[in-house]
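# Remarks on the overall topology
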Amino acid sequence: MWGGRFDLGPAEAMQRINASIDFDRRLYAQDIAASKAHCNMLVAQGIIPREDGAAICEGLDTIAREIAEGRFTFRRDLEDIHMNIEARLRELIGEAAGRLHTARSRNDQVATDFRLWVRDTIDALDEALRALQAALIDQAETHADTVMPGTTHLQPAQPVTFGHHLLAYVEMIGRDRSRLRDARARLNECPLGAAALAGTSFPVDRAATAAALGFDRPMANSMDAVSDRDFALDFLAAAAILAMHLSRLAEELVLWCTPAYGFITLSDAYTTGSSIMPQKRNPDAAELIRAKTGRIAGAFQTLLTVMKGLPLAYGKDMQEDKEPVFDAAETLNLAVAAMTGMIRDMTANPAAMRAATEAGFLTATDLADWLVRVLGLPFRDAHHVTGAIVRRAEARGCDLAELPLAEMQAVEPRITEAVYEVLSVERAVASRTSAGGTAPDQVRSAIAQARERFL
C-alpha cells in the first residue's frame, strides 16, 4: 500500500500486531455500502469517469456476493477489510479500482463503516429487546393476581403480585431501549469526506453521501470525524447498563427456581443436569447471563481506556475499538435471546408464592396504616405500636392475622376487630391502588399501557 515510501516489508510480528482483518472482516457489508455511496458521489461530482464508477459498483457487488457465499479469500498481509476489498476489486476490474479511494482515507472510511455497524446492531438489538419485553408482559398478564412476597434487603417486606414484579423489568428494558435510541441518534452523522483528518481539496458532496447511507448529516469537523469513538462508548455504556439489568433478573430466576423458593420452574431447554447428581436441574443459562455482564462492562472500560490519552486526530490505537464492541454486541445478543426464551418457557408456582407470604409479617405496614387511618395515630407512633405487636406475634409463633385481639389491645387498647380486615395478604395487595402500585387492577392497567408504549 505504501511501497513508494518503504524499501522493506514489515516484520512478522509487525504484520500480526498491525493486521485487523481477523476481526474487522465483519464490517464488509458496511464497507461496501459506504464505498458505493462514495463512488456514486465521485461520479455525480465529475471527479471520476462514469464508466469507472459503474465498473467499481459492479465489482463491489460481486465482492459482496463472494463474501456472503464464503468464496472470498481474506489476506492478513492486506491488513484490514478495506484493503482486502480494494485489492480484490483491482483483480476484478483493473486500474479503475484505484479511483475509488479518491478523496477519502481509511480514517474516514473505517469511522463510517463502524458507525454503520453499530447503528445496524442497535436496530437489531432493539427488536430483540422488544421481544423480551413482550415475554415479560405476557407472563405478567397471566400472573396479575398471583401474590408473592416483595422484599427489600432480600427480607420479607410487603406482598406484591408476580405480574407487578415482572413489570419492573419491562420498565428497565424500556429505559435500555431509550438509551440505545439516544446513542443511535447521536451517532447518525457521517464521517465520510473528512479524509485523513483535514478534509479534501476535491469538490465532494458530503451531504449526498450522508443521505445515501441514511445519516442525518455530515459530521461538522473533519478532525472530530476521524478521531471520535464516542458513538461506540455510548453503545457500550448502554450495553453495560442493559447487561446489569439482565443480570439482576437472572439472579432472581436463580433464586426463584431453588427448592428453598420454588416460585418457578425453568424449562429443560434452558437448564442442564449434573454429571454426578442425577436429581439436579441447574439454571445455567441464567448463571451465564449473570456472569457475562462482566465481559460487557469490561468492554466499555477497555475502550474508555484506549481513548483516554489520544491526541487528535487518528491514532492506530483506535484499531482496538472494534473487538470489545463486537464481543459485547455478540455477548449481549446471546444473553437477550436466552433470557427471552427462559421467560417465555418458565412455569410459575402460585401456591409456593402464596405460601411464602405467610412468613415475615408482610402486612405489618397495613396494620400501621390502619392505626393512622382509623385511630388517628401519627405514623411514627403507629410504627412503634405495630413493632410491639409484631414482637408479640413472633413470640407466639403466629402471623398478625392469627394474633388474638387481646394481644393487640395489650399494646393499643383502642384496636378493634375491624383491624383484621386489613391483615390478609390479598386485601393488602388489593389496597395498593396508587398509580404504579401492585393492586391487580393497577397491574392490568399497567400491562395495557406497557403494550401500547413498548410493543
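This text gives an overview of the structure that appears in the document. Each chain carries its own residue numbering, running from 1 in the direction its sequence is written. The predicted origin of the model limits local features to residues at a pLDDT of at least 70 and limits the giving and counting of side-chain atom pairs to 80 or more, whereas totals for whole chains, interfaces and linings rest on all residues. Values reported for side chains reflect all heavy atoms of the structure, with hydrogen atoms and water molecules removed beforehand.

Right, let's get into the overall build of the chain. A run of DSSP states H or I qualifies as a helix once it reaches four residues; a run of E qualifies as a strand once it reaches two. Both are numbered from the N-terminal end. A tally of helices and strands in the chain yields 18 helices and six strands. Computed over its C-alpha atoms, the radius of gyration of the chain comes to 30 Å, more than 25% above the 23 Å expected for a compact globule of 455 residues. Principal axes of the C-alpha set define a box for the chain whose edges measure 100 × 55 × 40 Å. A total of 455 residues make up the chain; the buried ones form 48% of that total. Seen as two clouds, the 49 positive and the 62 negative side-chain charges of the chain have centres 1 Å apart. Using C-alpha atoms as the atom set, the radius of gyration is obtained and then compared with a globule rule of 2.2 Å times the number of residues to the power 0.38. When a residue's accessible area, from a 1.4 Å probe over protein chains only, is under 20% of the maximum for its type it is buried; when over 50% it is exposed; and in between it is partly exposed. Within this scheme the basic residues Lys and Arg register as positive and the acidic residues Asp and Glu register as negative, but His and the chain ends are omitted. Lys charges are placed at NZ, Arg charges at CZ, Asp charges at CG and Glu charges at CD.

This next bit is on empty space enclosed by the protein. Note on definitions: the grid is 1 Å and covers protein atoms alone; a cavity is a set of points where a 1.4 Å probe fits but cannot get out; a pocket is an open set with protein on both sides within 12 Å along at least five of seven lines; lining residues have an atom within 4 Å of a point. Grid points are joined across faces, edges and corners, and a volume is the space filled by probe spheres set on the points. Scanning the model with the defined rule gives one cavity of 30 Å³ or more in all. By volume, the largest cavity is sized at about 30 Å³. Leu136, Tyr169, Ile173, His245, Leu246 and Leu249 together form the lining of the largest cavity. Put simply, the parts of the chain that give the lining of the largest cavity at least two residues each are helix 7 (162-187) and helix 10 (230-256). Here the element with the most residues in the lining of the largest cavity is helix 10; it accounts for three residues. Residue classes follow a fixed rule: Ala, Val, Leu, Ile, Met, Phe, Trp, Tyr, Cys and Pro count as nonpolar, while Asp, Glu, Lys and Arg count as charged, and any other residue, Gly among them, counts as polar. In the lining of the largest cavity, the residues fall into five nonpolar, one polar and no charged.

Moving on, we come to helix 10. A helix's residues, less one, multiplied by 1.5 Å, set its expected span. Here helix 10 is 27 residues long and its end C-alpha atoms lie 39 Å apart, about the 39 Å a rise of 1.5 Å per residue gives. For helix 10, the buried fraction is high: 19 of the 27 residues fall into the buried class.

Before going further, it helps to examine the layout of surface pockets. In this structure, the largest pocket encloses a volume near 580 Å³. Around the largest pocket, the lining is made up of 25 residues, and of these His164, Ala168, Gly436, Gly437 and Thr438 lie nearest the centre. Looking at the lining of the largest pocket, the elements with two or more residues in it are strand 1 (147-152), strand 2 (155-161), helix 7 and helix 18 (440-454). Of all the elements, helix 18 adds the most residues to the lining of the largest pocket, at seven residues. The class makeup of the residues in the lining of the largest pocket is nine nonpolar, twelve polar and four charged.

It is worth spelling out the packing of helix 4 (residues 50-68) against helix 5 (residues 81-93) at this point. At a closest axis distance of 9 Å, the pairing of helix 4 and helix 5 adopts a crossing angle of 115 degrees. Regarding helix 4 and helix 5, the two cross each other, and that crossing is right-handed. Here helix 4 contributes Ala55, Ile56, Gly59, Leu60, Thr62, Ile63 and Glu66 to the contact with helix 5, which in turn contributes Ile85, Arg88, Leu89, Leu92 and Ile93. For the contact of helix 4 with helix 5, the per-class residue count stands at eight nonpolar, two polar and two charged. For every element, the axis is a line fit to its C-alpha atoms; helices are fit only across the contacting stretch, and the angle between N-to-C directions ranges from 0 to 180 degrees. Helix crossings get a hand from a simple test, with the near helix turned counterclockwise from the far one by less than a right angle marking a left-handed crossing and a clockwise turn marking a right-handed one. Between two residues, a contact is recorded if the distance between any of their heavy atoms is within 4.5 Å.

Once that is clear, we can look at the pattern of salt bridges. When a carboxyl oxygen of Asp or Glu is within 4 Å of a side-chain nitrogen of Lys or Arg, the pair counts as a salt bridge. Enumeration over the complete set of coordinates arrives at 35 salt bridges. The salt bridge partner of Lys322 is Asp321, with a shortest N-O separation of 2.8 Å.

The next thing to look at is the environment of Leu246. Mapped onto the elements, Leu246 comes out in helix 10. Relative accessible area serves as the criterion here: at 2%, Leu246 is assigned to the buried category. Residues Leu246 and Lys292 lie 46 residues apart in sequence; the distance between their C-alpha atoms is 9.8 Å. When residues no more than four places from it in sequence are discounted, the contact partners of Leu246 are Leu132, Ile173, Ile289, Leu332, Ala335, Val336 and Met339.

On to unusual backbone geometry. Of the consecutive residues Leu312 and Ala313, the connecting peptide bond is found in the cis state with omega at 10 degrees. Turning to its location among the elements, Ala313 is positioned in the loop between helix 11 (284-307) and helix 12 (322-345). The backbone of His153 shows a phi angle near 60 degrees, a positive value even though the residue is not glycine. Locating His153 in the fold gives a position in the loop between strand 1 and strand 2. On the basis of relative accessible area, His153 is assigned to the exposed category, the value being 76%. Not every positive phi belongs to a glycine, and Phe361 is a case in point at roughly 55 degrees. Here Phe361 lies in the loop between helix 13 (350-356) and helix 14 (364-375).

Below, the discussion takes up the packing of aromatic side chains. Pairing of aromatic side chains requires ring centres within 6.5 Å, counting the rings of Phe and Tyr and the six-membered ring of Trp. Pairs whose planes differ by under 30 degrees are stacked, by over 60 edge-to-face, and all others tilted. In the structure shown here, the tally under the stated rule is six aromatic pairs. Between Phe114 and Phe326 the ring centres are 6.1 Å apart and the planes differ by 80 degrees, which places this aromatic pair in the edge-to-face class. Taken together, the residues span a long stretch of sequence, with Phe114 in helix 6 (residues 106-142) and Phe326 in helix 12 at a distance of 212 residues. Through a chain of ring-to-ring contacts, three or more aromatic side chains come together here, namely Phe114, Trp117, Phe231 and Phe326. Geometrically, a charge over a ring is one whose NZ (Lys) or CZ (Arg) sits within 6 Å of the ring centre while staying within 35 degrees of the ring normal. Sitting over the ring of Phe215, Arg119 keeps its end group 4.9 Å from the ring centre.

Here strand 1 pairs with strand 2 via six bridges, running antiparallel. By the bridge assignment, Gly150 is partnered in strand 2 with Gln158. We call two strands paired when DSSP finds no fewer than two bridges between them.

Another aspect to go through is the side chain of Glu407. Note that Glu407 resides in helix 16 (residues 405-411). Within 3.5 Å is the distance limit for a polar contact, defined as a pair of N or O atoms, with the added protein rule that one can donate a hydrogen and the other accept it, and that residues adjacent in sequence qualify only through two side-chain atoms. Engagement of the side chain of Glu407 in a polar contact is seen with the side chain of Arg396, the distance being 3.1 Å. For Glu407, the residues in contact, after removing those within four places along its chain, are Arg392 and Arg396.

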